[in-house]
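Structural characterization, general
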Amino acid sequence: MSEYENAIEINGITKKYDGFTLDNVSFDVPKGSIMGFIGQNGAGKSTTIRSLLNIIPVDSGEIKIFGLDHLKNEKEIKERIAVVFDELPFHDVFNAKDMSRIFEGIYPKWNRNEYMRYLDRFQLPRKKKIGEFSKGMKMKLQIACALSHEAELLVMDEPTSGLDPVVRDEILRIFMEYLEDGERSILMSSHITSDLEKIADSITYIDRGKILLSGYKDEILENHGVIKCSKEQLAEIDPADIVSARVNAFGAEVMVSDREKASYKYSGLMLDPTSLEEIMLYYVNRDKKEWQ
Amino acid sequence: MKKYSSLIFRELKLGRKAYLGSFILIIVFALLMLLSMFVSGGQYVMNGESMDVFAICLSYMFAALTAGCIAGDNGVLKSDMASGWRTYSFALPVTALEKTVAKYIVKLAAIIIGAVLTFIGSTLIHTVGGSNMPSAVMFCYFICLDLFLIIDIVYQAVVLRADDMKSLKKLGTIAGGIGAVILLALEFIPSGVSDSEFETFMTEVETASSPVILNKYIGFVTIPDAAGIIGIVLTVVIFIAGFVVTLKNHKRREV
């Protein structure tokens with residue numbers, strides 16, 4: 001295995017469209033970790049991933065994968081990564097066996113036996129046409145293909161969306177197994193934050209093309225909290241401490257970005273831990289400050 | 001080599017429905033032509049007896065149409081875009097050149113097989129008559145083939161600009177329209193022959209003897225002795241142009 005600290009280094013990438021800009025996006029995915037890339041629909045997750053894979057060119061910025069430039073060393077990098085999209089990009093007329101035939105020529109390290117083991121584990125038929133697979137089966141097939149050529153990095157764009165909880169749990173366990181040797185890394189975008197809370201080591205949160213948060217998941221969850229108070233008490237909270245506040249007829253729920261500080265400063269108020277989903281919700285409404 | 005083997009396997013498996021459909025259509029077309037020949041009382045014989053021109057056409061048209069359908073658009077391009085494979089393939093360690101080479105190996109194989117079949121057929125049937133028919137037939141084979149290749153180039157140049165399903169449908173319709181216009185436009189290219197001259201010729205063709213017909217046919221369409229070679233050169237030029245267009249489009253990233 002080659003030496004590098006970060007599987008992915010994204011530095012200041014910008015991509016402009018009409019009505020949307022990926023604005024100075026920067027984050028790293030440390031080697032051996034799972035990075036959860038969260039954001040609501042249209043936030044820029046897929047655009048960032050496509051830029052990373054050179055599916056779309058960026059206007060500016062630098063991207064390194066395994067410490068290598070993603071353009072100059074494109075072919076070498078792509079032999080070492082695997083990609084999973086939210087929709088299966090394989091033609092309906094193929095079957096699982098055909099996909100092995102195709103990938104064994106494309107990936108130098110394709111392991112047919114490993115692939116067949118995954119097919120058995122996922123209980124996927126080998127000769128049935130892909131077009132007749134269910135959504136869960138299609139995703140499992142894509143993942144089986146991704147895990148069968150000793151890839152050092154798995155890049156996944158919403159791999160669990162549309163799947164039932166049982167299938168999602170099974171897939172997430174497989175990803176955890178994939179990382180056991182400490183040499184492999186995963187970048188996984190999702191708006192199903194509960195999945196990422198289960199398996200991610202670090203989180204990057206993107207909203208409207210900008211990175212709002214990036215860091216270790218546990219730290220992010222530790223740093224944030226929700227104060228439950230009355231509307232009168234809300235007025236006493238320093239606006240600089242507030243991410244945003246959800247106000248209703250009965251009171252307010254205020255998200256703070258420094259829970260430890262808030263616990264001292266507002267010791268009379270109820271301060272609860274939060275979840276990634278709540279963090280997303282409150283940050284999305286950060287411009288409004290108060291919302292319902 | 002293993003990579004090309006995989007890419008060619010993919011190309012052939014995806015295109016086989018289109019190939020089979022085209023082959024069946026051509027068989028039907030050929031049978032209808034033969035049927036019309038028998039119904040009209042035409043005869044296909046050699047050595048001094050009259051020869052029906054349709055039989056001559058069949059020998060190269062059949063192979064040209066089959067080869068053309070395989071060498072032309074086999075539906076893989078559109079289905080790659082519709083399935084998402086085109087986007088996915090950018091994440092694979094396959095270069096634009098490799099994708100293009102694999103595609104064109106299939107096209108080249110179809111062209112060569114068609115050419116060999118046409119040459120064998122025309123040589124067997126017409127060399128006995130002592131004519132340079134094989135050369136003229138090869139020329140006609142390559143010209144027919146070139147039509148398919150040109151339409152394929154136009155189709156690729158247009159459709160590969162699509163970034164999503166909506167634009168794919170729109171551009172596919174435009175590409176189909178341009179292909180139809182090209183075919184129609186060829187219909188109106190002046191042949192340099194008036195209707196009455198053509199009618200006189202056809203009457204002579206139907207009644208004259210074999211070697212006379214063949215030489216007169218060739219003379220009528222003013223094809224020189226090196227016709228086959230001219231056809232090959234033209235096809236090579238169009239083939240290379242198609243390769244360049246395909247390569248350029250495979251290199252093009254999404255917006």
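Residues numbered from 1 in each chain as written. Chains lettered and ligands numbered in written order. Predicted model: local features only at pLDDT ≥ 70, side-chain atom pairs only at ≥ 80, totals over all residues.

Some thoughts on the confidence of the model for chain B
Residues and elements named next belong to chain B. In plain terms, the rule: A residue's pLDDT is the confidence the predictor assigns to it, expressed on a 0 to 100 scale. Strands are runs of DSSP state E lasting at least two residues, helices are runs of H or I lasting at least four, and both sets are numbered from the N terminus onward. C-beta atoms are first placed from the backbone for all residues, and any pair lying within 7 Å is then listed as a contact.
Across chain B, the average pLDDT comes to 72, with 60% of residues at or above 70. The secondary-structure element of chain B with the lowest mean pLDDT is helix α9 (residues 210-220), recorded at 50, while helix α4 (residues 85-89) shows the highest, at 92. Counting contacts from residues 42-51, a segment whose pLDDT is below 50, to residues more than four positions away or on other chains yields 23 contacts. Within the model, pLDDT remains below 50 along residues 218-224, and this stretch shows six contacts once partners closer than five positions in the same chain are excluded. Confidence metrics for the complex model read pTM 0.82 and ipTM 0.88.

Re the domain arrangement of chain A
Accessible area lost upon the coming together of the parts serves often as the stated size of an interface. Residues and elements named next belong to chain A. The cut-off we apply is this: Domain boundaries shown here were taken from an automatic or database domain assignment. As a working rule, the residues Ala, Val, Leu, Ile, Met, Phe, Trp, Tyr, Cys and Pro are called nonpolar, Asp, Glu, Lys and Arg charged, and the rest polar, with Gly in that last group.
Once the domains are mapped, chain A shows domain 1 (6-217) and domain 2 (224-291). The C-alpha-based centres of domain 1 and domain 2 are spaced at 34 Å. Counting residues at the interface gives nine residues for domain 1, matched by six residues for domain 2. Listed by contribution, the elements that provide at least two residues to the side of domain 1 that touches domain 2 are α7 (193-199) and β9 (202-207). Grouping the constituent residues of the side of domain 1 that touches domain 2 by class yields five nonpolar, two polar and two charged.

Section: the sheet that holds strand β13 (residues 252-256) of chain A
Residue and element names in this part refer to chain A. Selection criterion: We call two strands paired when DSSP finds no fewer than two bridges between them. The angle between two axes is taken between their N-to-C directions and runs from 0 to 180 degrees, where each axis is a line fitted to C-alpha atoms and a helix contributes only its stretch in contact.
If you trace the five strands from one edge of the open sheet to the other, you get β14-β11-β13-β12-β15, paired in mixed fashion. The strands lining the two open edges of the sheet, one partner per strand, are β14 (270-273) and β15 (290-291). Relative to β15, strand β12 (residues 242-247) runs parallel, the two being bridged by two bridges. Within β15, the position partnered with Arg246 by the bridge is Trp291. Set on the sheet, helix α11 (residues 276-284) makes contact with β11 (225-229), β12 and β13; between it and β12 the angle comes to about 90°.

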